[in-house]
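# What the coordinates show
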Amino acid sequence: MKIDTNSNIYTFIYASVMVILVAAVLAFTAIKLQPLQEKNIRVEKMQNILQSVGIESTVENAETLYNKYITKQIVVNYKGEEIEGDAFKTNLSAQYKAKKEDKVLPVFFVKLDDGKELEVIPLTGKGLWGPIWGYVALENDFNTIYGAVFDHKGETPGLGAEINKSWFEEPFKGKTLFEGDDFVSITMYKGGKGAAKLAGDTKHGCDAISGGTITSKGLERMFKEEWLYNYEAFLRKNKK
Amino acid sequence: MSKNSKLLTGPINLNNPITVQVLGICSALAVTVKLEPAIVMSISVTAVLALANVIVSLLRNTIPSRIRIIVQLVIVAALVILVDQILKAYLYDVSKQLSVFVGLIITNCIIMGRLEAFALGNKPYESFLDGIGNGAGYAMILIIISAVRELLGAGTLTLPGLGELRIIPQSFYDFGYQNNGLMILPPMALIVVGIIIWVQRLKTRELIEEA
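Here goes a summary of the coordinates provided. What you see is a predicted model; the values in this text were computed from it and never measured.

### Describing the sheet that holds strand 2 (residues 82–83) of chain A
Backbone-to-backbone hydrogen bonds pair the strands of a sheet. The strands run either parallel or antiparallel. All names here are of chain A. Taken in spatial order, the six strands make up an open sheet running 2-1-3-4-5-6, and their pairing is antiparallel. The two strands at the open ends of the sheet, each matched to only one other strand, are strand 2 and strand 6 (145–152). Bridging between strand 5 (residues 131–138) and strand 6 involves seven bridges; their strand directions are antiparallel. Residue pairing across strands places Ala137 opposite Gly147, the latter belonging to strand 6. The strands that helix 1 (residues 8–52) touches are strand 1 (70–76), strand 3 (105–111), strand 4 (117–126), strand 5 and strand 6; relative to strand 6, the one it contacts most, it runs at about 145 degrees. Relative to the sheet, helix 6 (residues 213–223) contacts strand 4, strand 5 and strand 6, its axis offset from that of strand 5 by approximately 50 degrees.

Structure, rendered in structure tokens:
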């Protein structure tokens, strides 16, 4: 018997079977691969934190190095008080959206081989196309930037995506968050007219990306009102 | 030339998906700022296209014609999600680089175009060859555009596995040479596509339509 592929019943059955089959295959793969994917994300986070304090790691040794150098992980609230919580597992994008009073803010303490003590603060913000994030390592004075790394989900290649390149990250080193007693954080300046301003702001100014204005501005807001300002009380309390 | 080898080589020149069939222009603009994402995108599109072509061709006699577009979309979307999941689990670095572009494969008109135009009416093996051929034709144009744009726009070429290679030497810059920032912006991709189409039609007269 020849089946009429144009009949309504056939079409219905075909569509239903196809949807169920595809859904089953996709669900199965997603569940099977989830542990591996989560491990990749965890290792990447460890590598990012290590990189912000200048330690290069590979996928294999990231976990060992992380356990060696990270001495303490705490979470604080916007008043700078230490509260209950797991710093590593804190979901930053949820904290980004949370109300100021409810925000849980992770801080990682690092001790390097030469005895130098640093703090790493994770950053999160919005670029042009999606989230951008980073880690900024501070010296023991809770003021001077020791190192910074940034990354993004899908900024424009060659423009905004350059924020994860070392030429962009390098100038952050040695900048300070406080000017006297004021929390001024970091400001981004673009070339042209901004070049003169950049030269005049050696302590808090960094070079933005031409053509990547929105990403650069998003990064500046991440250092200011959108994220780092939440840490102001904590930094002020410990500042030397 | 045999019929099958024509399926493979045709799309590279006479029936090129971008310059002749005018399919897939959108991704030719979006992912060609640097060479590396263009290469990875080409490989992914070729893989998805060949697989989707084979699957649709196998099912071609069972697909109800009234919902065939939906069926094709489901197949392509499922394949792309599978590729994305596998990349995230086993090739995390690559998946990070591709980021949103993997999802964009679903909307790439080359895939739907070839499924409609070829796979629905031909046998699986021929459809597979057609997928590979069109993928290669697409890859060739993407690589040319991205090489031109990256070289003139940033003075570098980024190859998978080798990283960023500086092609234009520092001494040029010392003499006052400047990167052309315009090359990085999307309109230049369109202009480069235009130039490729022009050169191709100069060489192959039979492509010129009667006015």
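From this point, the narrative continues.
### Here's the deal with the pairing of strand 3 of chain A
Residues and elements named next belong to chain A. In terms of burial, strand 3 is largely enclosed, as six of its seven residues are buried. Sheet analysis places strand 1 next to strand 3, joined by six bridges and oriented antiparallel. In the strand pairing of strand 3, Val76 is matched with Leu105. Examined bridge by bridge, strand 3 and strand 4 share four bridges and lie antiparallel to one another. Residue Phe108 lies in a different strand from strand 4, and its bridge partner there is Val120. Here strand 3 hands over to strand 4 after five residues, with Gly115 in that stretch at a positive phi of 85 degrees.

### Some remarks on the interface of chain A and chain B
Interface size is commonly expressed as the accessible surface area that is lost when the partners come together. At the junction of the two partners, chain A supplies 28 residues and chain B supplies 27 residues. For the pair chain A and chain B, the two sides together bury roughly 2300 Å², of which 66% comes from carbon and sulfur. Taken together, the links from chain A to chain B amount to one salt bridge. Put simply, chain A and chain B have seven residue pairs in polar contact (both at pLDDT 80 or more) between them.

Rules and cut-offs
- Every chain begins its residue count from 1, and numbering advances along the sequence as written.
- The naming scheme follows written order: chains are lettered A onward, ligands numbered 1 onward.
- This being a predicted model, a pLDDT of at least 70 is required before a residue's local features are given, and a value of 80 or more before pairs of side-chain atoms are given or counted; all residues contribute to the totals for chains, interfaces and linings.
- Note: side-chain values were computed over all heavy atoms of the structure, leaving out hydrogens and water.
- A pair of strands counts as paired when DSSP detects no fewer than two bridges linking them.
- Helix numbers and strand numbers start at the N terminus; a helix is a DSSP run of H or I with at least 4 residues, a strand a run of E with at least 2.
- Contacts were defined at the residue level, with two residues in contact if any of their heavy atoms lie within 4.5 Å.
- Between N-to-C directions, angles cover 0 to 180 degrees, with each direction set by a line fitted to C-alpha atoms, over the stretch in contact for helices.
- Here the term buried applies to any residue with accessible area under 20% of the maximum for its type, exposed to any over 50%, and partly exposed to those in between, with areas from a 1.4 Å probe on protein chains only.
- A simple way to read buried area is as the amount of 1.4 Å-probe accessible surface that goes missing from two parts once joined, with both sides added.
- Salt-bridge detection follows one rule: a side-chain nitrogen of Lys or Arg within 4 Å of a carboxyl oxygen of Asp or Glu.
- Identification of polar contacts relies on pairs of N or O atoms within 3.5 Å, with a donor-acceptor requirement for protein atoms, meaning one able to donate a hydrogen and the other able to accept it, and with residues adjacent in sequence counted only if both atoms are side-chain atoms.

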